[in-house]
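Now for the letters of each chain:
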Amino acid sequence: MKRTRLQIGAPPKGRVEVLVYSILRVDATPRDLLGTLGVDTSPTLVHCEGFRSFVWTGRKSGNADLLLSVVCGNGQNWVESFSVPISGSAGSWFRVEVKPPKIYPAYRFIVVSGGAQEVRSKLIGYKQEVF
Amino acid sequence: MKLPFENRGISRRELLKGMGAAAVGMMGWLIARPAEAMTAESEAELLQIGSPGAETLLTSMLTVNNQERDLLNSTNSQSPTLDRCLPYGRVIWSGRKAGSADIQYRVLARSTDPSGNPLGDGWYLVMQGTISGPAQSWFRVEFAQGNWDQYRVEVASAVSQTVFNRIVGVR
């Protein structure tokens, strides 16, 4: 029996995966989403060759601004970095799109805050270009 | 002369009907051919109209007035309209309004933890706007952002009217 299927329209795209859940107490000391201290120490994400972009969403408990810095490299040598400021009142939600200039194997997502507060967040990765 | 789809037992009328359905945004509907038109060679075939990744997430009929409520008629501001929506990169709300009054809407979103609980109270404002049109007119709103876990779609109208809603998610 011949089995065929007529498909009209574009195939699905924009595959997304959850990479990190994090409940983090942040302050002026740089720390990554996993809670490790420092700017260019251990990576937050490894084996990321398949991901083209990321979205970090979450909720901040305090009024102080946040600064998300992303450093990119192979996990030992960090070759590029960029930062995104996040403002909002206590209890507000945020969404940050992160599109590295090129694909790297490893990333470190670092957060600092002007005042101590709790940040609950989720990082997702896109395997295709979506923005 | 028969067109290729007619060789599979699909009439021109059926195809045009399906194309019309797709044109008004009714993605994801599977239109199976009538049993009497099926042949042994092609009994496993389906004609799929629209994007193959589209799924209906909600259908509702709602009386909207000047009190903000979501598309499930909930006035509890913490109650989500849609849950488990992370896979959907596009979310499209379409419908029909019975009255001529404008409808104000807000699309809110938030993320959840591995257990499906929100990371916290409150919502992120994805978009807000006004749906205008005469009585019995259709509308379509595509959410400005996809891949959130939960959405709350709130509506209000200065004059009470019935609104028919459908939301589809596209992976």
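Residues numbered from 1 in each chain as written. Chains lettered and ligands numbered in written order. Predicted model: local features only at pLDDT ≥ 70, side-chain atom pairs only at ≥ 80, totals over all residues.

Asks: Run through the overall build of chain B, naming residues and quoting values.
Replies: The number of helices and strands found in chain B is two helices and ten strands. Ordered by position from N to C terminus, the α and β elements of chain B give α-α-β-β-β-β-β-β-β-β-β-β. The proportion of buried residues among the 171 residues of chain B is 32%. Contacts in chain B between residues at least 24 apart in sequence constitute 76% of all its contacts with a sequence separation of at least 6. (Helix = DSSP H or I, 4+ residues; strand = E, 2+ residues; numbered from the N terminus. Buried ≥ 20, exposed ≤ 12 C-beta atoms within 10 Å, placed from the backbone. Contact = placed C-beta atoms within 7 Å.)

Asks: Mind laying out the overall build of chain A, listing which residues take part and the relevant values?
Replies: The secondary structure content of chain A amounts to zero helices and nine strands. When the helices and strands of chain A are placed in sequence order, the string is β-β-β-β-β-β-β-β-β. With 131 residues in all, chain A has 31% of them scored as buried. Nonlocal contacts in chain A, meaning residues at least 24 apart in sequence, comprise 78% of its contacts between residues at least 6 apart.

Asks: Describe the sheet that holds strand β5 (residues 90-97) of chain B, listing the residues and the values that go with them.
Replies: Sheet strands line up and pair through hydrogen bonds in the backbone, either parallel or antiparallel. Residues and elements named next belong to chain B. Strand order across the open sheet formed by four strands is β3-β10-β5-β8, with antiparallel pairing between neighbours. A single partner strand is all that each edge strand has here, and the edge strands are β3 (54-64) and β8 (137-142). On average, adjacent strands in this sheet sit at an angle of 15 degrees to one another, irrespective of strand direction. As defined by bridge partners, β5 adjoins β8 across six bridges and the pair is classed as antiparallel. Its bridge partner being in β8, Trp-93 is matched across the sheet by Val-141. (Pairing = 2+ DSSP bridges. Axes fitted to C-alpha atoms, helices over the stretch in contact; angles between N-to-C directions.)

Asks: Hey, could you go over the nonpolar core for me, with residue numbers and the actual values?
Replies: One finds B:Val107, B:Leu108, B:Ala109, B:Tyr151, B:Val153 and B:Val155 to be the most contacted residues of the largest nonpolar core, which totals 26 residues. Counting residues per element, the ones that place at least two in this core are β3, β5, β6 (103-110), β7 (124-131), β9 (150-156) and β10 (161-170) of chain B. It is β6(B) that provides the largest number of residues to this core, a total of five residues. Membership of the second largest hydrophobic core comes to 24 residues, among which are A:Leu66, A:Leu68, A:Leu123 and A:Ile124. (Core = buried A, V, L, I, M, F, W, Y, C linked by C-beta atoms within 7 Å.)

Asks: Describe the pairing of strand β5 (residues 66-73) of chain A, with residues and values.
Replies: All names here are of chain A. Sheet topology note: the β5/strand β6 (residues 78-86) ladder contains eight bridges and is antiparallel. Along β6, the bridge assignment pairs Val-70 with Phe-82. The hairpin turn running from β5 into β6, its antiparallel successor, is four residues long, and Gly-75 in that turn takes a positive phi close to 105 degrees. In terms of strand pairing, β5 meets strand β8 (residues 106-113) through eight bridges, oriented antiparallel.

Asks: Pulling in residues and values, what's your account of the confidence of the model for chain B?
Replies: Residue and element names in this part refer to chain B. The pLDDT averaged across chain B works out to 81; a share of 70% of its residues lies at or above 70. Of the regions scoring below 50 in pLDDT, residues 1-10 engages in 15 contacts with residues more than four places distant in sequence or in other chains. For the stretch residues 15-44, pLDDT sits under 50, and the model shows 46 contacts to residues farther than four places along the chain or on other chains. In the model output, the complex is listed with pTM 0.78 alongside ipTM 0.85. (pLDDT = per-residue confidence, 0-100.)

Asks: Describe the confidence of the model for chain A, with residues and values.
Replies: Mean pLDDT over chain A: 88, with 87% of residues reaching 70 or higher. Below a pLDDT of 50 lies the segment residues 1-12 of chain A, which in the model reaches 21 contacts outside its immediate sequence neighbourhood of four places, other chains included.

Asks: Could you give an account of the sheet that holds strand β4 (residues 69-70) of chain B, with specific residues and numbers?
Replies: One open sheet holds the four strands; their spatial order is β4-β9-β6-β7 (chain B), and the pairing between them is antiparallel. The open sheet has two edge strands with one neighbour each: β4 and β7 of chain B.

Asks: Now, about the environment of A:Trp78: what can you tell me, with residues and values included?
Replies: All names here are of chain A. Relative to the helices and strands, Trp-78 resides in strand β6. Between the alpha carbons of Trp-78 and Asp-32 there is a distance of 14 Å; along the sequence they are 46 residues apart. Not counting residues up to four positions away in its chain, the partners in contact with Trp-78 are Asp-40, Val-71, Cys-72 and Gly-73.

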